[in-house]
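Below, each chain spelled out in residue letters.
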Amino acid sequence: MDRKKSVLLLVLLVLAAFANILSHDLFGDTQSIFLENTFYRNPAHITHLFQKDFNMDPTYLSTTLEGIAFSGCISYRPVTALSFFADWALWKDKPYGYAWDNILLHMLVTIAVFYLILRLTGQERWAFLAAAMFAVHPIQSEAVNNVGYRSDMLCALFFVLSFLSYLQWRQRSTENKKGNAWLAASFLTFLPALFSKETAVTLPAVIVAYEFLRHQRLTRSLLKPFLGFTGILAFYFYIYLVVMPSRYYPKFFQVVENWGTHFVDVIYIFFQYLKALFLPFTVSILPPLYLPQVDPAMIGILFGGFTLFMILIVIFIFKTARPAPLLALGTMWFLVTYLPGSHLVPLPNPLAFRFLYLPSIGFFLVLSFFVFQAISWLEKKSPNIRWSFIVPMALIGWYLVYTIPTNEYFKNNIVVCREMVRRYPDSSRPYWILGLKALERQNHDQAIDYFEKYRKTHIRSPFHIQPDKDFLTYFMLGRAYALQAEKAVAFLEKSIELNPSFAAGYLELARIHISQKKFTEAIQLAEKAIAIDPAWSPGYIYVIHSYVELGEFKKAQAFLGQVKSLAPSNADVQQVEQFFQERKLQQQEGL
């Protein structure tokens, strides 16, 4: 097949698999990031990519108070954030535009995968089938559907481009041709891979595996790229851990109390992923922050099965290292790039199919080889049948049959959460999201019902907090009881009792006191929020409003000057300034 035709067919396959997402709404965290947040609407906020406040408090995604501006990132991923700025500049509040961007990005990754495997194997049929399976397998549905999960696709794109550039440099250096520009390109694309998602740190290990399998030893020629990649990694870790550390993630990071139980979870998750890869009909929408229950009776089987599987994998790598090094490389690619998302180091999201986006490249490289081995066997048995066409098309069609309906689970927030509740009744997070959506619709009774269900549902996740210590639940119940001030105040006071540094709790209490015309109490609460988070504008707005109501315009003006320098284009700031000017004029006219 002509290469241009191969690329065109891959593009058409991506469209066939994901065109139906163009009619979907923004949902989940993506809706919070773009529709309930002003951060990406203002190009001036790009400067925050280089400021410590870029890494946000993850609770902002769950509270979404008016006037807040946040990056949506709890770790340093500025490349992803830049793509979000481009999204809003192009599409504003049009969901289909964001879907188009994700589809196009998935196309680019698929084409890059095709050229990578073609470069490694020299066989177009092999490269095309591997890339086609990568393109349409339902395992990719989560990454492609959710704009907020774009980090996985961006990381994969730059990861593959960096590896391709490295291979080009290696070929030219082997032929004694100048190729330093290709090595420089490899380094330069490695950087955005790292700053898209942390998984990219595994690229040097994949390159070392490639070199070892290629030569059956590590040669001196590897020294130059090794020093370059090591230097880039040192720079990245310095930025990631020292210059731009996550301010809030450590608060929620799970301390593993029982490593035996934790390792059982890791093994179970691994087999869940393998099942999804081999049996596409098992792929479903997964609840966020979800750690599945493991039946105690299965623990022995899990350990035994995992031990046997790893022994077989090691044997497979050693057996194929010389006669078929690309099979060994594909296997190592999968295992090495899988490690950061394996939950071995506890993750906020223990189980998420998007974590397989990059590792699946290695999986499909190996799988496509065995598919063609099976075709060769079938052709010997039935030479008159075009197995080389029938088998790949049947396999791709099989994937499409499950990918297209899987996409429909991501249609909007209500569909997403109802599907989660149906499939994972032991997961509490869907009730939380449904509670938020009920609050948005001002359906307070329904919101209370959902948040109470959230409290009663079993929770297993690294963000797990005992219900009596869950300040966020008390906070959301306080908001849900907005029409019953006494109950609302009780829940909100409990939330800040459990977490005295929770600025949103003080602000919500301040808002209630303002509604009750208790302006002095509101000022005290809002000033506490300002002390906790001086960069957050709602605290200043509440203080200004309260001082104006008390007739203390000089004090109000001092806070107005501060918030205007902090957020001059914020609509709420402009509104409170107008309120200040009108009431001040009224006072002067009264005098």
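Everything below is about the structure printed above this text.
Treat the numbers as computed from the prediction; the structure is a model and nothing was measured.

1. Some thoughts on the packing of aromatic side chains
Right, so step 1: Following the criterion strictly, the structure yields 52 aromatic pairs and no others.
Right, so step 2: When the centroid spacing of 5.4 Å and the interplanar angle of 45° are considered together, the rings of Trp126 and Phe369 count as tilted. Within this pair, whereas Trp126 is found in helix H6 (residues 124-136), its partner Phe369 is found in helix H16 (residues 359-381), the two being separated by 243 residues in sequence.
Right, so step 3: Looking at Trp126, the relative accessible area reads 9%, which means it is buried.
Right, so step 4: Seen in terms of ring centroids, Phe363 and Phe364 are 5.3 Å apart; in terms of plane orientation they differ by 80°. Their pairing is edge-to-face. When sorted by exposure, Phe363 lands in the same class as Phe364, which is buried.
Right, so step 5: A cation sits over an aromatic face here: Arg354 above Tyr149, 3.5 Å from the ring centre.
Right, so step 6: In this arrangement the basic side chain of Arg386 is found over the ring face of Phe389, its NZ or CZ atom lying 5.2 Å from the centre.

2. A closer look at empty space enclosed by the protein
Leftover empty space is mapped by rolling, across the atoms, a probe with the size of a water molecule.
Right, so step 1: Within this structure, the stated rule accounts for 3 cavities of 30 Å³ or more.
Right, so step 2: In this structure, the largest cavity spans a volume of roughly 100 Å³.
Right, so step 3: Along the wall of the largest cavity there are 14 residues; nearest its centre are Ile21, His24, Asp25, Ala99 and Asn145.
Right, so step 4: Within the residue set of the lining of the largest cavity, elements represented by two or more residues are helix H5 (95-121) and helix H7 (141-145).
Right, so step 5: The element that contributes the greatest number of residues to the lining of the largest cavity is H5, accounting for 4 residues.
Right, so step 6: Grouping the amino acids of the lining of the largest cavity by side-chain chemistry returns 9 nonpolar, 4 polar and 1 charged.

3. Considering helix H13 (residues 259-278)
Right, so step 1: Counted at 1.5 Å a residue, the expected span for H13 with its 20 residues is 28 Å, and the 29 Å between its end C-alpha atoms agrees.
Right, so step 2: Among all positions in H13, only His262, Val264, Asp265, Val266, Ile267, Ile269, Phe270, Tyr273, Leu274, Ala276 and Leu277 are buried.

4. Some details on the packing of helix H24 (residues 519-532) against helix H25 (residues 537-550)
Packed helices, taken two at a time, are described by the angle their axes make and the gap between the axes.
Right, so step 1: Here H24 crosses H25 at 155°, and the two axes come no closer than 8 Å. Judged on the interaxial angle alone, H25 and H24 are roughly antiparallel. When you trace H24 past H25, the crossing you get is left-handed. Contact residues: Phe519, Thr520, Ala522, Ile523, Ala526, Glu527 and Ile530 in H24; Gly539, Tyr540, Tyr542, Val543, Ser546, Tyr547, Glu549 and Leu550 in H25.

Reading the values: the criteria
- Numbers given to residues run from 1 along each chain, matching the order in which its sequence is written.
- Restriction of local features to residues with pLDDT of at least 70 applies here, the model being predicted, together with a cutoff of 80 or more for giving and counting side-chain atom pairs; totals for whole chains, interfaces and linings are based on all residues.
- Side-chain descriptors were evaluated using all non-hydrogen atoms of the structure, hydrogens and water having been removed beforehand.
- Working definition: rings of Phe, Tyr and Trp (its six-membered ring) pair if their centres are within 6.5 Å, and the pair is stacked with planes under 30 degrees apart, edge-to-face with planes over 60 apart, and tilted otherwise.
- Segments assigned H or I by DSSP are reported as helices when at least four residues long, segments assigned E as strands when at least two residues long, and all are numbered from the N terminus.
- Burial status follows relative accessibility: with a 1.4 Å probe on protein chains alone, a residue under 20% of its type maximum counts as buried, one over 50% as exposed, and anything between as partly exposed.
- When the NZ atom of lysine or the CZ atom of arginine is within 6 Å of a ring's centre and also within 35 degrees of its normal, the charge is said to sit over that ring.
- Think of a 1 Å grid over the protein atoms and nothing else: a 1.4 Å probe that fits but is trapped marks a cavity, an open set flanked by protein within 12 Å on at least five of seven lines marks a pocket, and residues with an atom within 4 Å of a point count as lining.
- Grid points are joined across faces, edges and corners, and a volume is the space filled by probe spheres set on the points.
- Amino acid classes used here: Ala, Val, Leu, Ile, Met, Phe, Trp, Tyr, Cys and Pro are nonpolar; Asp, Glu, Lys and Arg are charged; the rest, including Gly, are polar.
- Working rule for helices: expected span equals 1.5 Å times residues minus one.
- Axis definition: a line fitted to C-alpha atoms, over the contacting stretch in the case of helices. Angles run 0 to 180 degrees between N-to-C directions.
- Angles below 35 degrees are treated as roughly parallel, those above 145 as roughly antiparallel, those between 65 and 115 as roughly perpendicular, and all remaining angles as oblique.
- Crossing chirality is assigned from the near helix's rotation relative to the far helix, an anticlockwise turn below a right angle marking it left-handed and a clockwise turn marking it right-handed.
- A contact between two residues is defined here by any heavy atoms of the two lying within 4.5 Å.

Purely geometric numbers; function is a separate question.
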